[in-house]
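Single-letter residue listing:
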There are 2 protein chains.
Amino acid sequence: MNNKNNENWVQFISMSPPGLNNNTADVDRLTGQLKKQLDIHSIEMDRSVMVSLPDVLRKSNFNVRCVLFGYDHRYQLIDVQASNTCLPVYGLAIDLGTTRVVFRLLDLCKQRTIIEITIDNPQSNIAPDVLARIHYTDQPGGLDHLQRLIIDAINAQIQHMCKKHRIDSNQIMCISIAGNTCMTHLFSGFPPQAIIREPYIPVINRQMLLNAKELGIHINPQARIFVFPNIGSYFGGDLISGILALDMHHQSETSIMVDVGTNAEVVLGNKDWMIACAGAAGPALESGVSKIGMTAGPGAIERIKQDNDSFTWQTIDNKKPVGICGSGFIDLAAVLFQSHMLDIRGKLVPNQCKDRLLNIDDMMHFLIVPAENSATGRDLTISQVDIDSLIRSKAAMYTILTTITQSVGMVLTDISTFYVAGTFGAYIDPSSAITIGMIPDLPRNRYKSVGNTSIEGASRVLLSRRDIESVSQIQKHITYMELNVNQEFMNRFSAAKFLPHTDTTLFPSVRT
Amino acid sequence: MNNKNNENWVQFISMSPPGLNNNTADVDRLTGQLKKQLDIHSIEMDRSVMVSLPDVLRKSNFNVRCVLFGYDHRYQLIDVQASNTCLPVYGLAIDLGTTRVVFRLLDLCKQRTIIEITIDNPQSNIAPDVLARIHYTDQPGGLDHLQRLIIDAINAQIQHMCKKHRIDSNQIMCISIAGNTCMTHLFSGFPPQAIIREPYIPVINRQMLLNAKELGIHINPQARIFVFPNIGSYFGGDLISGILALDMHHQSETSIMVDVGTNAEVVLGNKDWMIACAGAAGPALESGVSKIGMTAGPGAIERIKQDNDSFTWQTIDNKKPVGICGSGFIDLAAVLFQSHMLDIRGKLVPNQCKDRLLNIDDMMHFLIVPAENSATGRDLTISQVDIDSLIRSKAAMYTILTTITQSVGMVLTDISTFYVAGTFGAYIDPSSAITIGMIPDLPRNRYKSVGNTSIEGASRVLLSRRDIESVSQIQKHITYMELNVNQEFMNRFSAAKFLPHTDTTLFPSVRT
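Keep in mind it's a predicted model, so treat the numbers as computed, not measured.

(A) Molecular detail of helix α3 (residues 47-59) of chain B. All names here are of chain B. Residue Leu53 marks the point of greatest curvature in α3, where the axis turns by about 40°; the proline Pro54 follows within four residues. What α3 keeps buried is the set Arg47, Val49, Met50, Leu53, Pro54, Val56 and Leu57. Looking one or two residues past α3, Asn61 carries a phi angle of roughly 50°, positive in sign.

Take a look at the structure:
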C-alpha cells in the first residue's frame, strides 16, 4: 500500500494492549497514540465511534487502521477498523452548480477517479436561476423542498455509482462541496434571502464541516461534508475551488481567472495578493437573450467562421442547428464586425449584410441559418436588440477587467495567464472575443481554457491535506472589491461599447 | 439582571448592522464579536443555530442574547435570541447513581434551585448492581435497553418538573451528569464489559460533551450534556464531582474523602497533590449481607445505643423496625464490643449475651428486636456470620485508609478533615466506627458528613465557569493507586480484623 498516498486519510496505529499497570481507557489510549503519531493536539470523534471502539480494539489486538479527516491540526476520527482489513476509502467531490451538478467519486488511497457523473440540478425544475430559487424559498416549506431535492439527487447518484462499481457506500468517508453561495446555502438549509437583498449578506462565508448523517446523506454515518467557504454573496466556493485547482495562490506571476455566467466573476492575483470582484455581465454570454439563444448543448452553434463571402458554422455534436450559444454569438459578432456588416457601434450595416438582413416585426434581423438547414424548420436569426445586448455584455466584461486591474496599479497586458473557466471558457474562441473587445488583446497563448475548475478543486481537497489547508488561506488571502458603478466606471463602460473600443491602440491585433 | 451571574451562560451582543461596506456574513459577524468580547479564539455552533440566525439577527436589529456553554476557551453557542427576550435559562444537574438518581433543576441566571427530585434508577428492576447490569449488556439488545430505561426516566422527570413549574423545556440548555463509570457508560451507550474484566478498562475516562438531541433527551435540541470524567473503572465522575463540591483541590491542608458502597472509594490530598484508590469494603456496610440487612430507608434501624443493660434503637422515619442498615450495624457492633458481648476477635460471648443469644439453624444469633416489636412480626437477629462479614469490611476499610495514607508518607492523624460522603456518610456515627476500628481515631470534629457531594458538584459546573474548568484539572491532578493485595496489605488487614485493632495505641479514645 502506498504510504504517502494513505497518510492523508488512513493511519495505522499499534498500541500496547492494556494491563493492570497500563489501564488507560480505550478512547484515551487511541487518541493519545494518534496525537503522538500525527504530532497534533486535538482529535474529535463522534459518540458512535466511541461505541464501536472496545470491540474493534480487542478483536484487532489493538492494531487498528484509523480513517481521519483533518486539517489545520484539527482532526476528525471517522472510522476505526482492524489493521488487517484493507477496505478502500472513498471520497466524493461535488461541483454544485446552479444548472448542473458534477459528481466525482474518488478512491482516496489509490488517488484515482472511479467515476464522474454530471446531472441537471433538480432544483432547476422549480426555478431556473439563483434569483428565482431564492424567491421560491419565501414560500412556506420552499427552502426545505429545495434542500430535499438536491440531497435526494445526491443520494440517488451515490446509490447509482456504488451499485455500478460494487462499492459499499459505508466506505465513502467524506464529501467535498464547491458551489456558489446560493447553492451551498440551499444544500445546507440556510435561508438565502439576504444574499440577493442589499447589502447582500450570506448566512456564513467561512468553510464548514457538516455531518452526513445529520443531513440525511447515505454514506458512512460519521462521514464529514466539507463545504467550501465563500467570499461573499456573489463570489462563492466554486471559485475558491477554482483558484485552488489552478494553483494561483502559489504562483509568482500575476494571473487572472474569469468565470462567466449571468455574472462575471473575476479574480486577479498571485501568491502575495489576490483581488476579486463580480459584476453583471448580462445574460447574452450565457444562454443569450435572443429567441434562439441557448446554453451550450447538442445542436447549439458554437463556432462561426467566415469563408470568403459565406459563413461556416459548427454545432455541438454536429447536429442540425437549433440555436446559438455564447461562444457562437461572440464568433458571429467578430465575423460580422470584420466583414464590415457591423459598424464600430455594433449596428448592422444594410449595405454589407445585403440579403442576410431581414425585417421581422419591424426590427432588423441577421439571418444565420435559413429554415431549410435548421433543426427547427425556422430561420435562425439574431436581432439588432440581441446584438446590442451582447455589446453591453462585452463592454461590461472589459470594464470589469480594466477596473480590477487598474485597482492594483497594473494594466491588462501585465497579466501572464488569463484563465477562462466554466462551460463558457470551454467553447469561447479568444480571438473572436478579442476582436469584439470583450477581453484584452494579449498574445493568444496567454489564454487558457480550464474547464470545470470547481470539481478539480473539490477533488484536490479530498486527495491532499496541503490543499485542504490552502482553502481557508485562499479565502483569507482574497480582498473582495465592490464594483461601485461610479462615473469613472460608466466612462470606461461607454468607451468599451465600441468595437473593439474607442481606443483602438488597446487592440493592436484587431484590424479595424 | 445580574451581569456577574449571567456571563457564564448569557452574553449580550450588539453588532453594527451590515452595509455595502460592511458585508461580513451573519455567522462570521456574530462569532467575530463574541470572540472579541469573550477574548477567546474559537466558538462552535450546530448547523441548526446557523439556520435560525438570519431571522433572529434581523428581527433584533443585530442585538442578541447568546446562550453559551463554554470552558477551557472552547465555547459552544447553544441558542441566539433577540436581546429584549428575557427568557430564563435552565440547567439540569444529575447524580446518576446505581440505586438512585437525583435531579436538580437550576435557574442558571438567578443561580438558584427550582426543584430537586430523587428517583430509583429504573435499571435496578433489570439488575440491582453494577455487576449484574454489566452482565445484562452481554445479551443482545441489553445495552440499548438499559440506556433506553435511564433516558426515558430522565425525559419523564424533565417533563414532570417542567409541567410542575411551568417551564418550557426548550429553555433547558445544559445537563451535567456525575455518575460512576458504569452508570455513565450505560447512559452514553458505551459497552461496559471491559470495566469489570481484568485489566478493568473503561471506554473513555476523559470528560465528554454530548448532544441532547442525539441522545433523545427532550430539552433544547442544541443543549449540551456534560459528562464528568472518570479516573478509572472503579473511580468515577461522581467522586470527581465530590472533590469539586468539597473544594479539596483548592485546600492547603490535606483532607480525605471516603465514599462507601459495595466499594470503598477514597481520595486523599490537597491543592498540590491527590491520590485515589478504591477497594472492596464488602457489602456489610451498604445493605448488609444478613437476612435483615437493608439500605437506609423507612424502618431501617439506623442508630443503636446502650442504656444500662438494655439497648435503645432508632429507625428511619420512626417506623417499626424492618431491618438494619449499615450505620445501625456499626453502632450495634460498637455497643456489643463495649459491653463485652463481642470479644476482640469479634466473636459473640455467650456469658455476656445471655438470653439475647439464640441458636438458629445451628448458628449463634444475637437478638436485636424481638418479634413483638418488629414490623415483620419476626425476631430481628444478626448472626455470627453477619458479624464476621462486618469485621472483614471494617478491616478492609481501615487497611485501605492506612495504605493510601502511608503511600504518601503520612499517618492517619495528619488528616485535617475526614469527609464521609454518600448515604452511608449521612447516617454513620463516627464514634461507633472508631470504636470498632473502622476509621482512624481522630478528634470527632475532624469528621464531616457531607451528604450527596455528587449532585453538588454537578450543580456547580452549571453555575460557574471556574468550576467546570476545574473538572479536567482535578482529573489530571489525581494519581490513581492500584491496591495490589500483597503480603504487606494482608498483614495490615489481619491486624485490622481485631476490635479495634491489634495495636490499641492507634485507638487511644477506645476503652478496651
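(B) Representation of the sheet that holds strand β13 (residues 274-280) of chain A within the structure. All names here are of chain A. Across the sheet, which stays open at both edges, the 6 strands sit in the order β21-β20-β11-β12-β13-β22 with mixed pairing between neighbours. Every interior strand has two partners, whereas the edge strands, β21 (447-451) and β22 (478-480), have only one. Adjacent strand axes in the sheet meet at a mean angle of 20°, parallel and antiparallel pairs treated alike. Where strand β11 (residues 255-260) and strand β20 (residues 417-421) come together, 5 bridges link them in parallel fashion. Counted as the bridge partner of Asp259 is Ala421 from β20. Packing against the sheet, helix α8 (residues 237-246) makes contact with β11, β12 (263-269), β13, β20, β21 and β22, and its axis sits at approximately 140° to β11. Where helix α15 (residues 465-477) meets the sheet, it contacts β13 and β22, and its direction lies at approximately 40° from that of β22.

(C) Here's a closer look at the interface of chain B and chain A. Contacts between the two partners involve 40 residues from chain B, matched on the other side by 40 residues from chain A. Overall, the association of chain B and chain A removes approximately 3,300 Å² of surface from exposure, summing both partners, and the carbon and sulfur fraction of that is 58%. Of all residues in chain B, Leu20(B), Arg47(B) and Arg206(B) give up the largest surface area on contact with chain A, accounting jointly for 20% of the area buried on that side. Arg47(B) is paired through a salt bridge with Glu214(A); the nearest N and O atoms lie 3.2 Å apart. Only α2 (26-38), β2 (43-45), α3, β9 (208-211) and α7 (212-215) of chain B provide two or more residues apiece to the side of chain B that touches chain A.

(D) Local environment of unusual backbone geometry. That bond from Glu198(A) to Pro199(A) is cis: its omega, 5°, falls within 30 degrees of zero. Here Pro199(A) lies in the loop between α6 (181-188) and β9 (208-211). Looking along the chain, the bond that leaves Leu499(B) and enters Pro500(B) is cis, with omega of -15°. Its location among the elements puts Pro500(B) in the segment after α16 (487-496). Its identity is not glycine, yet Asp247(A) carries a phi of approximately 60°, on the positive side.

Quick notes on the rules
- Residues numbered from 1 in each chain as written.
- Chains lettered and ligands numbered in written order.
- Predicted model: local features only at pLDDT ≥ 70, side-chain atom pairs only at ≥ 80, totals over all residues.
- Heavy atoms only, no water.
- Bend = angle between axes of the 7 residues up to and from the residue.
- Helix = DSSP H or I, 4+ residues; strand = E, 2+ residues; numbered from the N terminus.
- Buried < 20%, exposed > 50% of the residue type's maximum accessible area, 1.4 Å probe, protein only.
- Pairing = 2+ DSSP bridges.
- Axes fitted to C-alpha atoms, helices over the stretch in contact; angles between N-to-C directions.
- Contact = heavy atoms within 4.5 Å.
- Buried area = accessible area lost by both parts, 1.4 Å probe.
- Salt bridge = Lys/Arg side-chain N within 4 Å of Asp/Glu carboxyl O.

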